[in-house]
Number of protein chains: 2
Amino acid sequence: MSDSQPPARQPRLQVGSRGRTVTPVASSNAEAEDMPEFETFDGAMTPRGFGPNLAEFLDIWALDLLKGVRDINKQQHHTAVYSNDNLIVRRAQEFQVKITFNRAYRPDEDRFAIEFVIGSSPQFSKGTYIPVFPNDEKNTLWKGRVIDTSDNVLTMGITPMPDSIVGKYRLYVAVQTPFGIRRTSRDPSLDTYVLFNPWAKEDAVFLEDEAERKECVMNDVGIIYHGAYDDISERNWSFGQFEFGILDACLFIMDKGALPMTNRGDPVKIARKASAMLNCRDDDGVLVGNWSGDYMYGVAPTSWTGSVDILLNYNNGGVPVCYAQCWVYAAVFNTFLRCLGMPARVVTNYFSAHDNDGNLKMDIILDENGKVDRVHTKDSIWNYHCWNECFMTRPDLPDGFGGWQVVDATPQETSDGMYRCGPASVHAIKHGMICYPFDSPFVFAEVNSDVVFYQRNRDGSLIPVRKNTQHVGRLVLTKAIGTDERREITETYKFPEGSAEERTVLEKAELYGCQRQREDPPPADVELILPALEVQVGDDFELTVELKNHSEQHRTLDLYVSGSVVFYTGVPSTEVIFKRPILSVGPKSVSKKVVAVSAKEYMTRLVEQANLHFIVTGKVRETGQIATAMLTVAMRKPKLIVKVSGSPRVREEMFVTVEFTNNFKFDLKDVDVRVEGPGVMTPHRKVHGLIAPGTTMSWTQSFSPWRAGPSKLVASLDCAALRQVPGFTCTEIPAWYTSPSYFISFCTEGLALLH
Amino acid sequence: MSDSQPPARQPRLQVGSRGRTVTPVASSNAEAEDMPEFETFDGAMTPRGFGPNLAEFLDIWALDLLKGVRDINKQQHHTAVYSNDNLIVRRAQEFQVKITFNRAYRPDEDRFAIEFVIGSSPQFSKGTYIPVFPNDEKNTLWKGRVIDTSDNVLTMGITPMPDSIVGKYRLYVAVQTPFGIRRTSRDPSLDTYVLFNPWAKEDAVFLEDEAERKECVMNDVGIIYHGAYDDISERNWSFGQFEFGILDACLFIMDKGALPMTNRGDPVKIARKASAMLNCRDDDGVLVGNWSGDYMYGVAPTSWTGSVDILLNYNNGGVPVCYAQCWVYAAVFNTFLRCLGMPARVVTNYFSAHDNDGNLKMDIILDENGKVDRVHTKDSIWNYHCWNECFMTRPDLPDGFGGWQVVDATPQETSDGMYRCGPASVHAIKHGMICYPFDSPFVFAEVNSDVVFYQRNRDGSLIPVRKNTQHVGRLVLTKAIGTDERREITETYKFPEGSAEERTVLEKAELYGCQRQREDPPPADVELILPALEVQVGDDFELTVELKNHSEQHRTLDLYVSGSVVFYTGVPSTEVIFKRPILSVGPKSVSKKVVAVSAKEYMTRLVEQANLHFIVTGKVRETGQIATAMLTVAMRKPKLIVKVSGSPRVREEMFVTVEFTNNFKFDLKDVDVRVEGPGVMTPHRKVHGLIAPGTTMSWTQSFSPWRAGPSKLVASLDCAALRQVPGFTCTEIPAWYTSPSYFISFCTEGLALLH
C-alpha cells in the first residue's frame, strides 16, 4: 500500500488477526519488497572470500528487454502506442529478452531463471512469484525457451500463462551457485507490464474480429450517444487509454480498491471491482456524481472532453474527482478497460428504468382528474443511460453466456447494497436467465420495465388505468466499428417488441423474482398522441396534441398539458407550462390542438442537456376514462467550430482554433472551453468571462502531436446558461518515419547493465 | 434515519442529487413521518364550524389489536413468547382487530380503512403504505374482511400479503368524509410488527415440519460444535431471540445497513445484508473480530454465553461490540434470523478451507528435507468454522435450489471484495452448480479443497509430493431437532468421498472456475499415521507416530516432529515441540515411535480453545520420497458446575450457583464468569480476581423466571490462562397458569381510546 493513501481506507486486517491469517492478502501492485540479492542454501557453507569463489559461476552482464517502439515485443504485442518507456506485453503470447553473460551459456551445467514478481509476499502457488527457466522441464507457469545463442548473448522467449495476473511485474535474474541463489538487484526500468490479450485464443478476453479489436481495444476516441430516443445527439470523447500515465493510473485504481493480486488475472473480477471503484461511493473511488445543476466546486459533467484529466487527477493522491453523470462514468470506465486490454464499448439505452431494484414496474400516479400527482409519483425514467459492455468468457457461468457483459459504474441506489453493477451477460439478459451473477435482474429491468399509470382515488386506493410496455429500453446504441456511424444493438438485449419470444422471456424473468404489473387495465377507446418535435435552444415552438377516437361515439376531453424542464434522468426541475384545453372529437376520427411554447417560458429555467418533458392527460367526459401521453423534447444546441492549422507532422507545432458565436439574446458568463486529442494534444482549458449576445469567441492554442495516424480533437463549451456545446475535428498525422527527429528520440534504449 | 447514527455512515445521496431522484430511497424503519390528521379533497369546500358537520360521520372510539399473550393473535401467530407488548403477527396469516365506532357501522355508506405505514415516504406501489378496507372490492394488497359486528363494535380480519415488508408498521384508521379523509393520530402502542411466517405455505420461508420449526425458529437455546474433527466439543448458547429489546435490535441492524424498505420482504436480501452487517468491516456492523489472543479492551470471544448482551449493546448507539470469532458471528446471526421468523441453524464444518477465494487448493510447502517451510507456507486450514444456514425459496434461481442456504457473517478476506457471504444454496454446492449467487464458489471451496504438499527445490521451483483430497470439509454438524444430540449433515454438502458423483461434481466446479491441482503426485510407498489423542489440559501425554511400509524393501526415515500451539484457524502461534527421531521399518510392516510431551512444554503458551497441532514429515533415505501426516489435538477442559435451587415458578425467586475448582498448579487470574438463560435469567457477569491452585470458586445469583416451559442456564468461565470453560443446566418452569400473578399482569390491555 503506498503512503499516499489515507490510512482509514486501507484494507486492514481485523483488530488482532495474529491467530487468523499467516500473511495479509496481497492487494497492491505498488507494494514491492526487494528480493534478497543472495539466498543461502540451508546448511550450505557460506563463501568466505567473495570474489574468487563466485567468479567461476555464470554472471549476468546485461539484460535487454527489446522494449523500443520499433522492437519486436511492442510491435507484436500491439503496445507500441502506449506512451510508456517500460516493456508492455500481453498474456499467452511470446516475448523476447536478450541476456548477456560473462561467458557463453552452458545449458548442461548453468542454472538460471528470470523471475517475475508482483505485489507483496510473492508466492509461487499464488502466481505472484514466477521463475522462468530457459528450458521447460520444470513445473513452471510461464514457458521459457532458448531462441538463439551467439557468443555470450542468449535470446530467450517467454510466454506468460493465459490467466496471468495483469499488472506491473518486477524483474530479476537469479543464478544458482553451489552456495545459494545470486540475484540481480531491482531496476525499475526493467519493470514489465502484462496486459490482457484479445488477440490470443487462450486469453479470457479473446475477440476474433480484427476490425472489432481495432475499435474496442485500440481506438482512443469514441462517440457517446445522448439526447432523446427520437432526437439522438452525440458527443465525441477522448478515451486516451494510451496517454502518458494512464496505465499506471488504472493499476492504481485496483490498488485503491484493494483487489487481491490473485484476482487480477480474472477479467470478471477486475471489471466488477472497477465498476465499484469508478464511483466514489463506499470506497473513495474515482468520480463524484452530481445531478444538481450546481457545479461550482468542480467541473460540470457536461464540460469534460476526455478521460485523461480525470484519471491523472485521481492518480495524484486518490482523491475523488468532481463531477460526473452517467456518460462520464461510462467513458472513464471505457478508458480503464481498453487500457488493460479488455475489449470494451460505451452503450446508450434510451428510456432507461432506474434505481428500481429489479422491479419491472415504473409507476406514474394521476389524481382523480387525470393530472400527474407530483407528490405520490416517485419513480423516474431516465431519457437515456450510458453503461459499458466488455467482452470476456464467463467460466463462472454455464456455457453460452460469455461474450459482451454489461458493467456500470454509475452508482445505483439499489444494486445489492453496493454501488457497482455487473458484469452481467447480455445474452443472459436477452433470454431472461437473470439468475446468473452479477446484477442481471437490475440490468434486465433497465431495458424491460413497464410504465404503469395509476389513478388515485379519494380514499387513497390506486387503480391502474394504462400500461405502456414499449416505452422503456426503446433503443440501445453504440458506435459502429471503424466508422463514426451509429450501431443499434437493441436486439442483443431484447427480442422484438410484441414477439412470442419476448413474452416468454418476460415470463421467465418474472419466475426469477422480477416483479411486474400483471393486470392489464381496461383499454381506453380514445388515444392521445404527441408527435416528435425538433427544437433549437432559444426558439419559440408549437406542441401538437392529437386525439384519436376509436369509439363510435362523440368524445370530449378535459385536457391538462404540463411541460417541465427535466434532467436527463427524467427528474423534473420546474414546471414551465401548464394549460387546460378542452378537446372534442367525432366518432372514429382525429382532432388536433396546438399549444404554443415561447422561448422565454423555458429559457431561464433550462438545466444541463436542455430537455423539455410534456405529459398530456385527459379525462373523457362521457366515460370517465383517462388517456395520457408523454413526449421528451431534447433541444438542439449551437455547434462549436473546431479548426486545425499548421503542418501535420509528429513533433511539429500546429494550431487548433475553437470558435463560438453567441446567437442568443442573453450573455454567456464564465464559459469553460476545453479541447484535447489523444496522441496529439494534452487536455487544455480556457475560461471566458463573458460572451455577449451577437459576439464571437475565438481561442487558438498550439500543440505538437507525438503520434502519427488518425485522431480527433474533441472540444466542448459549457456554462451555467448553456450546457454541453460539443465540437470536434478529425486530424491525420502522417506516419511517424517521415519525421526523423522522432525516430532518434525513441530509439535510445541501450543495454541495461546490471552489474 | 434516526439521529443516533453517526452522520458519516448514513446512506446519503450523491453530492447534489436534485436532478437524479425524486425522493431518497426509504431505508430506515425508525424513520417515521406522521400522516396528516386531515387530508382535504382537492377543490372540496373546507368545513367552517368543526363539530356539527363532522359529527354526522363515522367516528372511531377505540381500537383493540387483541395483542395480549393469551389473545387469539399472538397465540395463532406463535408470537406470545416475545417479550414485547406490541402486536406481533406473521405474514400470509389472518389476524383480528376490534373497532368501536360512535354508532353501528353501515357497510353501504361508511368508507374507512386501516392504514399500515412503514418507513419514510410511504407509497402504495412500494408496499410501504397499505390501506386495508373492510371488504375486498378494492385493489388492495392486504386482504380485509368483516368477521363480526355487534352494536358499535366491528371485528375485522386482516391478512398481510405473503411478501409483505418485515418490520414495524405504524397504524392509523382513516375515515372518508365529504370534505376529505379524517385520520387517527399516531399511537406508538398500536405499532405492529410483521414477521416472516414459516407456518404459511405462501411465505418464502415456509418450512413444513413442525418439529423442525420448533427447533429452528422457536428454540432460543442451542448447541454450537467446535474442537476437532476427531474430538468434538460443544458449547451451549443462549440465542435469546425473544428477549426484551431483541426484535427492535434486529430491525436496527437493517436500518444501520440502510437496507431499502422495499427489499425487506425478501429473505434473500435480508439474509445477505445481515451477513454484511453482523461484522463491523465496511459498515460499522455488530461485531469486531479479534483472533490475536489479546482481548484486554473487550470481551474475549470465548467468554460470551449468549447473543442478548451483544445485540442490546449494539442497539444502544450502533457502536460495534468487541470481540468475536466465527462461532460468535454465527450465534448472533442465528438470533437475528430466528427473531425475524426465518428458520435458521448454526452449522460447524470441520477442517474448513479459508480466505481462499474459490481456489480448491491449499498449499503446504516443505523444504528439501521434508520440513515445513514456515516462510513460504501461507495458507491455513481452520480446524473448524461455524456458519449459518437459513431456509427459504430462491425465486432468483432456477427451480430446485431453494431450501437451506449458507450465510456467513465471519469476515473473509476474499469474498467478492466485501465482508459478507451468501445466501448460497446448499443443494447447488452439493451438485457443483456454483454459478448461482451468492458466493457459492467460496463455500464450495470451504468444504472441498485439496491439501497439496509441495517440495521446494534449491532453485525455487515447487514439486507436488502429496495430495490429500479427504482432509477438508470432513464433517458438517448441527444440533439435532428436538434433542441435544449431534446431527451430521455432511451429505447435504457433498457426495460420499471417493464416489463417482463426487468426482463429477468436482469436475463441474472446475468448469465454473474453481482452480484445482490437476497432477497427482507419485504415490509414496510408505505412510505416516498419527492416531487420534484425548488429552486433558494440563496433562503430560504421548504422541504415537506409526510408519506403515507398503513396499517390499526395508525403509529408514529421517523424521521431523513439530508440535505447535495453534488457533482454531490453524494459524500456528508457537512451536512447543521439535524433535528429529529416526525410524526404520521392515518390508510390508509397521513400526511405531512414541514422542513424550510434557505439560510444561505447552501450558504457558496455550491460546484460546487450546489446540495442539502436530506435523510429522519424513524423508525416506532409500528413495528420497517425502511422507507426511498431521494431527490436531483439541484439549479437554475442566467443566463448570451449574446448579439451580429454589421453587421453579414464574415470577418467583430462584438461585443459580456456578462452581469451579482450580485443579491446575497455577493461579487463574481475572476470571470472567457469565451466566444467562433465555426466558428465565438476563445475562449476569462476575469477575473473580484470583482462583488459587486447589481452591474452589462458587458464585450464587438470584433470578426470577418470566416465562414457563423448558429452558437452559448457560454459563462460561474464561481467563487468559484458561479459555472457554463452559457449563450449563436445564430448567423447567411449570406452565404459567400455575402462577396467578403472572396471569393478571399480562392481561391488562384495555381498549386504546383514540379520541
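Values in this document were obtained by computation on a predicted structure and should not be read as measured data. (Residues numbered from 1 in each chain as written. Chains lettered and ligands numbered in written order. Predicted model: local features only at pLDDT ≥ 70, side-chain atom pairs only at ≥ 80, totals over all residues. Heavy atoms only, no water.)

1. Details of the pattern of salt bridges
Thought 1: For the structure shown, the criterion picks out 56 salt bridges over all chains.
Thought 2: What you see here is one network of salt bridges that share partners, running through Glu215(A), Lys479(A), Asp484(A) and Lys712(A). (Salt bridge = Lys/Arg side-chain N within 4 Å of Asp/Glu carboxyl O.)

2. Section: the sheet that holds strand β37 (residues 696–703) of chain B
Residues and elements named next belong to chain B.
Thought 1: The antiparallel open sheet is built from 3 strands, whose spatial order is β33-β34-β37. Two strands in the sheet have a free side with no partner beyond their single neighbour: β33 (641–646) and β37. The mean inter-strand angle of the sheet, taken between neighbouring strand axes irrespective of direction, is 20°.
Thought 2: Here 8 bridges tie strand β34 (residues 654–661) to β37, and the two strands are oriented antiparallel to one another. Each bridged residue has a counterpart across the sheet, and for Phe660 the counterpart in β37 is Met697. (Pairing = 2+ DSSP bridges. Helix = DSSP H or I, 4+ residues; strand = E, 2+ residues; numbered from the N terminus. Axes fitted to C-alpha atoms, helices over the stretch in contact; angles between N-to-C directions.)

3. A look at the sheet that holds strand β35 (residues 668–677) of chain B
All names here are of chain B.
Thought 1: Spatially, the 4 strands line up as an open sheet ordered β36-β35-β38-β39, and their pairing is antiparallel. Each having just a single partner strand, β36 (681–691) and β39 (722–733) make up the two edges of the open sheet. Here the strands of the sheet are splayed against their neighbours by 15° on average, with no regard to which way each runs.
Thought 2: Across 10 bridges, the pairing between strand β38 (residues 709–719) and β39 is antiparallel. Within the sheet, the bridge partner assigned to Cys719 lies in β39 and is Leu722.

4. Some points on the pairing of strand β35 (residues 668–677) of chain A
All names here are of chain A.
Thought 1: Counting buried positions along β35 yields 8 of 10 residues, so the element is predominantly enclosed.
Thought 2: Linking two consecutive strands that pair antiparallel, namely β35 and strand β36 (residues 681–691), is a turn of 3 residues; a positive phi of about 85° is found at Gly679 within it.
Thought 3: The pairing of β35 with strand β38 (residues 709–719) spans 5 bridges and is classified as antiparallel. Its bridge partner being in β38, Asp672 is matched across the sheet by Asp718. (Buried < 20%, exposed > 50% of the residue type's maximum accessible area, 1.4 Å probe, protein only.)

5. Let's talk about the packing of helix α4 (residues 246–256) of chain A against helix α6 (residues 308–315) of chain A
All names here are of chain A.
Thought 1: At a closest axis distance of 9 Å, the pairing of α4 and α6 adopts a crossing angle of 55°. With respect to α6, the axis of α4 lies oblique. Considering only the axes of α4 and α6, their crossing is left-handed. Residue-level inspection shows Ile246, Asp248, Ala249, Phe252, Ile253 and Lys256 of α4 in contact with α6, the latter providing Val308, Leu311, Leu312, Tyr314 and Asn315.
Thought 2: Partitioning the contact of α4 with α6 into residue classes produces 8 nonpolar, 1 polar and 2 charged. (Parallel < 35°, antiparallel > 145°, perpendicular 65-115°, else oblique. Left-handed = near helix turned anticlockwise from the far one by under 90°. Contact = heavy atoms within 4.5 Å. Nonpolar A, V, L, I, M, F, W, Y, C, P; charged D, E, K, R; others polar.)

6. Focus on the packing of aromatic side chains
Residue and element names in this part refer to chain B.
Thought 1: Enumeration according to the criterion identifies 44 aromatic pairs over all chains in this entry.
Thought 2: An angle of 70° between the planes, with centres 5.4 Å apart, marks the rings of Phe101 and Phe112 as edge-to-face. Taken together, the positions of Phe101 in strand β4 (residues 95–101) and Phe112 in strand β5 (residues 112–117) put the pair 11 residues apart, joining distant regions of the chain. Each member of the pair Phe101 and Phe112 is classed as buried.
Thought 3: With 5.9 Å between their ring centres and 40° between their planes, Tyr560 and Phe578 make a pair best called tilted. With a gap of 18 residues between them, Tyr560 in strand β27 (residues 555–566) and Phe578 in strand β28 (residues 572–579) connect regions that are remote in the sequence.
Thought 4: Taking relative accessible area as the criterion, Phe578 reaches 31% and is therefore assigned partly exposed. (Phe/Tyr/Trp six-rings, centres within 6.5 Å; stacked < 30°, edge-to-face > 60°.)

7. Points about the confidence of the model for chain A
Residue and element names in this part refer to chain A.
Thought 1: Mean pLDDT over chain A works out to 84, with 86% of the residues at or above the 70 mark.
Thought 2: Long-range and interchain partners of residues 1–14, a stretch whose pLDDT sits below 50, account for 30 contacts in this model, where long-range means more than four residues apart.
Thought 3: Contacts from residues 737–755, a stretch scored under 50 in pLDDT, to residues over four places away or in other chains number 32 contacts.
Thought 4: In the predicted assembly, ipTM is 0.71 and pTM is 0.80. (pLDDT = per-residue confidence, 0-100.)

8. Concerning the environment of Phe660(A)
Residue and element names in this part refer to chain A.
Thought 1: Relative to the assigned elements, Phe660 resides in strand β34 (residues 654–661).
Thought 2: Spatially, the C-alpha atoms of Phe660 and Asp525 are 50 Å apart, while their sequence positions differ by 135 residues.
Thought 3: For Phe660, the contacting residues outside a window of four places in its chain are Pro638, Lys639, Leu640, Leu668, Ile691, Thr695, Thr696, Met697, Leu717, Leu722 and Val725.

9. Topic: the UniProt feature "binding site: Ca(2+)" (unreviewed entry) in chain A
Residue and element names in this part refer to chain A.
Thought 1: The sites that UniProt annotates as "binding site: Ca(2+)" (unreviewed entry) are Asn448, Asp450, Glu497 and Glu502. In terms of the greatest pairwise C-alpha distance, the residues named above, spread along 55 residues, form a tight cluster of at most 13.3 Å across.
Thought 2: Residues within four places of Glu497 in sequence aside, it is in contact with Thr469, Gln470, Val472 and Glu502.
Thought 3: Looking at Glu497, its side chain comes within polar contact range of the side chain of Lys494, at 3.3 Å.
Thought 4: Residue placement: Glu502 occurs in helix α11 (residues 500–511).
Thought 5: Glu502 gets classed as buried once you look at its relative accessible area, which sits at 11%.
Thought 6: If near-sequence neighbours (up to four positions away) are discounted, Glu502 is found in contact with Phe495, Pro496 and Glu497. (UniProt positions renumbered as here; feature names shortened; annotations may be inferred. Polar contact = N/O pair within 3.5 Å; in protein donor to acceptor, adjacent residues only side chain to side chain.)

10. Regarding helix α6 (residues 308–315) of chain B
Residues and elements named next belong to chain B.
Thought 1: When α6 is considered as a whole, its buried residues turn out to be Val308, Ile310, Leu311 and Tyr314. Angular distribution of buried residues about the axis of α6 spans 165°; they occupy a single face of the element.
Thought 2: Of the residues trailing α6, Gly317 is marked for its positive phi of about 110°. (Arc of directions from axis to C-beta.)

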